[in-house]
Amino acid sequence: MTPSNPTPAAVPTAHATPASRGGRLSLHRFANPGRFLRLAARVQPFLTISAILLTAVGLGLGVFVAPADWQQGDAVRIMYVHVPAAWLASSGYAALALASLVSLVWRHPLADLAAAEISPVGAAITAVCLITGSLWGRPMWGTYWVWDGRLTSVLILFFLYAGHVMLVRAFDDPERGYRAGAILALIGALDLPVIKFSVEWWNTLHQKASITLSGAPAMSPSMLWPLLICALGFSLGFAAIITARLRASVMERRVRGLLAAAAARAT
Amino acid sequence: MTHLPFIAASYAVFFASVAWLAVGAALRLKRAKARLAAIDPRARGDA
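A count of helical and extended segments in chain B gives one helix and zero strands. Every one of the 47 residues in chain B was classed for burial, and the buried ones make up 34%.

So, in structure tokens, the structure goes:
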């Protein structure tokens, strides 16, 4: 049975807080699923179009315009997919940890859903990073894989993402799954500095950072700009995919709530 | 040793992954919109 005219009480608002109802705290204004859906529907086209354009321009420049490397030759063009994927794998996990913190501390209703939607996408991006890294390593290092600090810590990041996906879905009660996943995500954030500094702390085949916040980049501008454009395009694409998945998740939650309310009325 | 197969394989992995994620998200969103609209006509404005 489907309700023809559900009452407002039947529409789930997750765990709405007094602040979300009053709109006093800016964070909780978006706890209202309807408000989030309206805002996300407006933002989604801009995210999607700008991501496609920037990624196309960045990859086009990287493949057809940027010069080959004097040591690596054309294999350096793998950098334009590998490095943005690596940055996104780490920053995506930071976003997962932030959503988990917001979920545990403020019980923000969208934070649980956001964390659950970030982890599968983050796992896929991390897999892209690992696979393209292996495909770059074979012609440059002579091997697809070595168990050094950088590669192993990124592989652990992939397992953390995958573990979060499985843990969130492992409980009959979704709230328990979200809590357990949030704790795992926060503990797993310790892997992020290990990834960042692994090339400093240990001897590794992986090169050190070519771009730092404190110094000039050790890279020609003709290679740097396509890389930065790709990184921005990938990030906007990640945001677009997460936004679409989060919108779907909020709607699915609404549907479940409406059906449950209808079933309760029927009995 | 030519590097072309490694470059092509890297870009293929990237494009296949992005297509899988993007198409999956779009189809899921479309299904969710349709289900919600069928149950709650008021939700059409939200989506």
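So, next bit.
This paragraph deals with the overall build of chain A. The number of helices and strands found in chain A is nine helices and zero strands. In sequence order, chain A lays out its α and β elements as α-α-α-α-α-α-α-α-α. For chain A, the residues scored as buried account for 40% of the 267 residues in total. Looking at chain A alone, contacts between residues at least 24 apart form 74% of all its contacts between residues at least 6 apart.

Moving on: the interface of chain B and chain A. Facing 26 residues of chain B, the contacting portion of chain A comprises 33 residues. In terms of residue class, the side of chain B that touches chain A is made up of 18 nonpolar, three polar and five charged.

Here we take up the packing of helix 4 (residues 79-106) of chain A against helix 6 (residues 149-168) of chain A. All names here are of chain A. Between helix 4 and helix 6, the shortest axis-to-axis distance is 11 Å and the interhelical angle comes to 40°. As summarised for this structure, helix 4 and helix 6 are arranged oblique, according to the angle between their axes. Note on packing geometry: the crossing formed by helix 4 with helix 6 is left-handed. For the pair helix 4 and helix 6, the contacting residues are Ala89, Tyr93 and Leu96 in the first and Val154, Leu157, Tyr161 and His164 in the second. Residue composition of the contact of helix 4 with helix 6, by class: six nonpolar, one polar and no charged.

Right, let's talk about the packing of helix 5 (residues 109-141) of chain A against helix 1 (residues 4-39) of chain B for a bit. For the pair helix 5 of chain A and helix 1 of chain B, interaxial distance at closest approach is 9 Å and the crossing angle is 175°. By the criterion of interaxial angle, the relationship of helix 5 of chain A to helix 1 of chain B is roughly antiparallel. Each of Val121, Ala124, Val128, Ile131, Thr132, Leu135, Trp136, Arg138 and Pro139 of chain A in helix 5 of chain A lies in contact with helix 1 of chain B, whose residues at this interface are Phe6, Ala9, Ser10, Val13, Phe14, Ser17 and Leu21 of chain B. Taken together, the residues that form the contact of helix 5 of chain A with helix 1 of chain B break down as twelve nonpolar, three polar and one charged.

We now examine the nonpolar core. Residues and elements named next belong to chain A. Ala85, Ala89, Ala115 and Ile125 are the most contacted members of the largest nonpolar core, which totals 78 residues. With 18 residues, the top contributor of residues to this core is helix 9 (residues 221-266). Sequence-distant contacts of Ala115, that is, excluding residues within four places in its chain, are made with Leu96, Ala99, Ser100, Ser103, Gly181, Ala182 and Ala185.

Once that is clear, we can look at the confidence of the model for chain B. The predicted model of chain B has a mean per-residue pLDDT of 88, with 87% of residues at 70 or higher. Confidence metrics for the complex model read pTM 0.85 and ipTM 0.90.

Residues and elements named next belong to chain A. Spanning 33 residues, helix 5 covers 47 Å between terminal C-alpha atoms, matching the ideal 48 Å at 1.5 Å per step. Burial analysis of helix 5 places 25 of its 33 residues in the buried class, the great majority of the element. Gly142 sits one or two residues past helix 5 and shows a positive phi near 85°.

What follows is about unusual backbone geometry. All names here are of chain A. Here the phi dihedral of Arg107 falls at roughly 55°; this positive angle occurs in a residue that is not glycine. Take Arg107: it is sitting in the loop between helix 4 and helix 5. A tally of 16 C-beta atoms within 10 Å means that Arg107 is categorised as partly exposed.

Residues and elements named next belong to chain A. With 15 residues, helix 7 (residues 174-188) should reach 21 Å at 1.5 Å per residue; the first-to-last C-alpha distance of 21 Å fits that figure. If you check which residues of helix 7 are buried, you get Tyr178, Gly181, Ala182, Leu184, Ala185 and Gly188. Projection of helix 7 onto a plane perpendicular to its axis shows the buried side chains occupying an angular sector of 165°, all on one side. What points out from helix 7, more than 90 degrees from its buried face, is the exposed set Glu175 and Ile187.

About the thresholds
Residues numbered from 1 in each chain as written. Chains lettered and ligands numbered in written order. Predicted model: local features only at pLDDT ≥ 70, side-chain atom pairs only at ≥ 80, totals over all residues. Helix = DSSP H or I, 4+ residues; strand = E, 2+ residues; numbered from the N terminus. Buried ≥ 20, exposed ≤ 12 C-beta atoms within 10 Å, placed from the backbone. Contact = placed C-beta atoms within 7 Å. Nonpolar A, V, L, I, M, F, W, Y, C, P; charged D, E, K, R; others polar. Axes fitted to C-alpha atoms, helices over the stretch in contact; angles between N-to-C directions. Parallel < 35°, antiparallel > 145°, perpendicular 65-115°, else oblique. Left-handed = near helix turned anticlockwise from the far one by under 90°. Core = buried A, V, L, I, M, F, W, Y, C linked by C-beta atoms within 7 Å. pLDDT = per-residue confidence, 0-100. Expected span 1.5 Å × (residues − 1). Arc of directions from axis to C-beta.

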